[in-house]
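Geometric and topological summary
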Amino acid sequence: MSFDALQLCLAAGALLIGATSFGWVVWLVLDHQRRHARLTRTRALELGVELRSPSLRTLLPKVSDPLFASLRRLLPPLFTWRDGRRLDRHAAACAHDLPDMIDIMILGLQAGLSFDGALSAYVGHFDTPVAREFALAQHRYQLGLSSRRKAFQELCERAPDEAVMRFCAVVSEALLLGAPLSVTFSTLSFELRRYQKLKFEERIARAPVKLLIPLGLCVLPAVLILLMGPVLIQMIAGLRL
């Protein structure tokens, strides 16, 4: 075997290993997305929130590009994963701003405003993802397009995060039973901030473990090829002699 043929074989092997590693990484990402969707649905059922399959029809602009439509038909898992990632980012942004919204609503309630008045004051002065979502929900039930509980359920479908679901469930139950919202919101704000802190600590703890996947699938095979390539070349040259 000549030196050029050996180089070609090594390059083909490296390409094959790289493609296999990329496929494994994509499969792991899609599997994580399915597990996350199943866990979100389970938590929604535990909180008493009706959650249908997540959709980004209200978040994504309409696309008329035929090439994009063809790719969407050919690669549905990839686009499903991308849409799921966008939905997760939107839900995470809503959950991140939710404790601040609750604190501002507590000030409004202590000043004598009702729940709708405090919510209107927040959505009227802030332009955050959670403010836009609650403005849409409030607009729907104030116009009579849906009930308050149904509007909050639709909001949870657009932002399927546990913090948002818990807030909507607590508000619905408190308004139904006549519980004091100021005390309820104070406890909820503290719990949500503690939950976000624990969530960040969990993500930090999982980071080293996640780094092992690309290190083992992508970096390690390339290093082995670089280390073993000269050895193989010398062995073949010795056999030819």
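So, here's what we can say about the structure. Treat the numbers as computed from the prediction; the structure is a model and nothing was measured.

1. A word on the overall build of the protein chain
The secondary structure content of the protein chain amounts to eight helices and zero strands. Each helix (α) and strand (β) of the protein chain, taken in turn from the N terminus, gives the series α-α-α-α-α-α-α-α. In the protein chain, of all internal contacts separated by at least 6 residues, the share reaching a separation of at least 24 is 66%. Here the protein chain displays about 15500 Å² of accessible surface, and carbon together with sulfur accounts for 67% of that area.

2. Focus on the pattern of salt bridges
Summed over all chains, the structure comprises ten salt bridges. Of the charged contacts, one joins R193 and D103 as a salt bridge, the two residues approaching to 2.8 Å between their closest N and O atoms. Of this pair, R193 sits in helix α8 (residues 181-240) while D103 sits in helix α3 (residues 76-110), and the two are 90 residues apart along the sequence. Its relative accessible area of 35% is what places R193 among the partly exposed residues. Taking relative accessible area as the criterion, D103 reaches 28% and is therefore assigned partly exposed. Where D116 meets R148, a salt bridge forms, and the shortest distance between an N and an O atom there is 3.0 Å. On the criterion of sequence distance, the pair formed by D116 in helix α4 (residues 115-125) and R148 in helix α6 (residues 148-158) is long-range, its members being 32 residues apart. Owing to a relative accessible area of 27%, R148 belongs among the partly exposed residues under this scheme. Within this structure, D100, D103 and R193 form a network of salt bridges that share partners.

3. Looking at the packing of helix α5 (residues 129-142) against α6
Direction vectors running N to C along α5 and α6 enclose 150°, while the axes themselves pass 9 Å from each other. The angle between the axes of α5 and α6 places the two elements in the roughly antiparallel class. Handedness of the α5/α6 crossing: right-handed. Facing α5, whose interface residues are E133, F134, L136, A137, R140 and Y141, α6 presents R148, A151, F152, E154, L155 and R158. A class-by-class count of the residues in the contact of α5 with α6 yields seven nonpolar, no polar and five charged.

4. Examining a nonpolar patch on the surface
Taken together, the side chains of V209, L212, L215, V219, L220, V223, L224, L227, M228, V231, L232 and M235 define a hydrophobic patch exposed on the protein surface, amounting to about 1100 Å² of accessible area. Along the chain, the position of M235 falls in helix α8.

5. Points about the environment of Q142
With respect to the helices and strands, Q142 occurs in helix α5. As for Q142 and D116, which are separated by 26 residues in sequence, their C-alpha atoms are 9.5 Å apart. If sequence neighbours within four positions are ignored, Q142 has contacts with D116 and S120.

6. Describing α5
Helix length check: α5 (14 residues) gives 20 Å between terminal C-alpha atoms against 20 Å at 1.5 Å per residue, within 8%. All buried positions along α5 are accounted for by P129, V130, A131, E133, F134, A137, Q138 and Y141. Two residues or fewer past α5, G144 is found with a positive phi of approximately 80°.

7. Describing the nonpolar core
Core analysis: the biggest nonpolar cluster contains 35 residues, and L98, M101, F115, F134, F167 and F185 have the highest contact counts within it. Contributing elements (two or more residues each) for this core: α3, α4, α5, α6, α7 (162-177) and α8. Here the element with the most residues in this core is α3; it accounts for nine residues. Residue contacts for M101: discarding those within four places in its chain leaves L119, Y122, V130, F134 and F167.

8. Looking at the packing of aromatic side chains
Under the definition given, this model contains six aromatic pairs. The structure contains a cluster of three or more aromatic residues connected by ring pairs, namely F115, F134, Y141, F152, F167 and F185. Positioned above the aromatic ring of Y141, the side-chain terminus of R148 is 4.7 Å from the ring centre.

9. Regarding the packing of α4 against α5
One way to put it is that α4 packs onto α5 with a least axis distance of 9 Å and a crossing angle of 135°. Classified by the angle between their axes, α4 and α5 sit oblique to one another. Read as a crossing pair, α4 and α5 show a hand that is left-handed. For the pair α4 and α5, contact is made by F115, D116, L119, S120, Y122 and V123 and by V130, A131, F134, A135, Q138, Y141 and Q142, respectively. Residue composition of the contact of α4 with α5, grouped by class: nine nonpolar, three polar and one charged.

Rules behind the numbers
- Residues numbered from 1 in each chain as written.
- Predicted model: local features only at pLDDT ≥ 70, side-chain atom pairs only at ≥ 80, totals over all residues.
- Heavy atoms only, no water.
- Helix = DSSP H or I, 4+ residues; strand = E, 2+ residues; numbered from the N terminus.
- Contact = heavy atoms within 4.5 Å.
- Areas by Shrake-Rupley, 256 points an atom, 1.4 Å probe, with all protein chains shown as cover.
- Salt bridge = Lys/Arg side-chain N within 4 Å of Asp/Glu carboxyl O.
- Buried < 20%, exposed > 50% of the residue type's maximum accessible area, 1.4 Å probe, protein only.
- Axes fitted to C-alpha atoms, helices over the stretch in contact; angles between N-to-C directions.
- Parallel < 35°, antiparallel > 145°, perpendicular 65-115°, else oblique.
- Left-handed = near helix turned anticlockwise from the far one by under 90°.
- Nonpolar A, V, L, I, M, F, W, Y, C, P; charged D, E, K, R; others polar.
- Patch = residues over 30% accessible without salt bridge, like charges linked within 9 Å, V, L, I, M, F, W, Y side chains within 5 Å.
- Expected span 1.5 Å × (residues − 1).
- Core = buried A, V, L, I, M, F, W, Y, C linked by side-chain atoms within 4.5 Å.
- Phe/Tyr/Trp six-rings, centres within 6.5 Å; stacked < 30°, edge-to-face > 60°.
- Lys NZ or Arg CZ within 6 Å of the ring centre and 35° of its normal.

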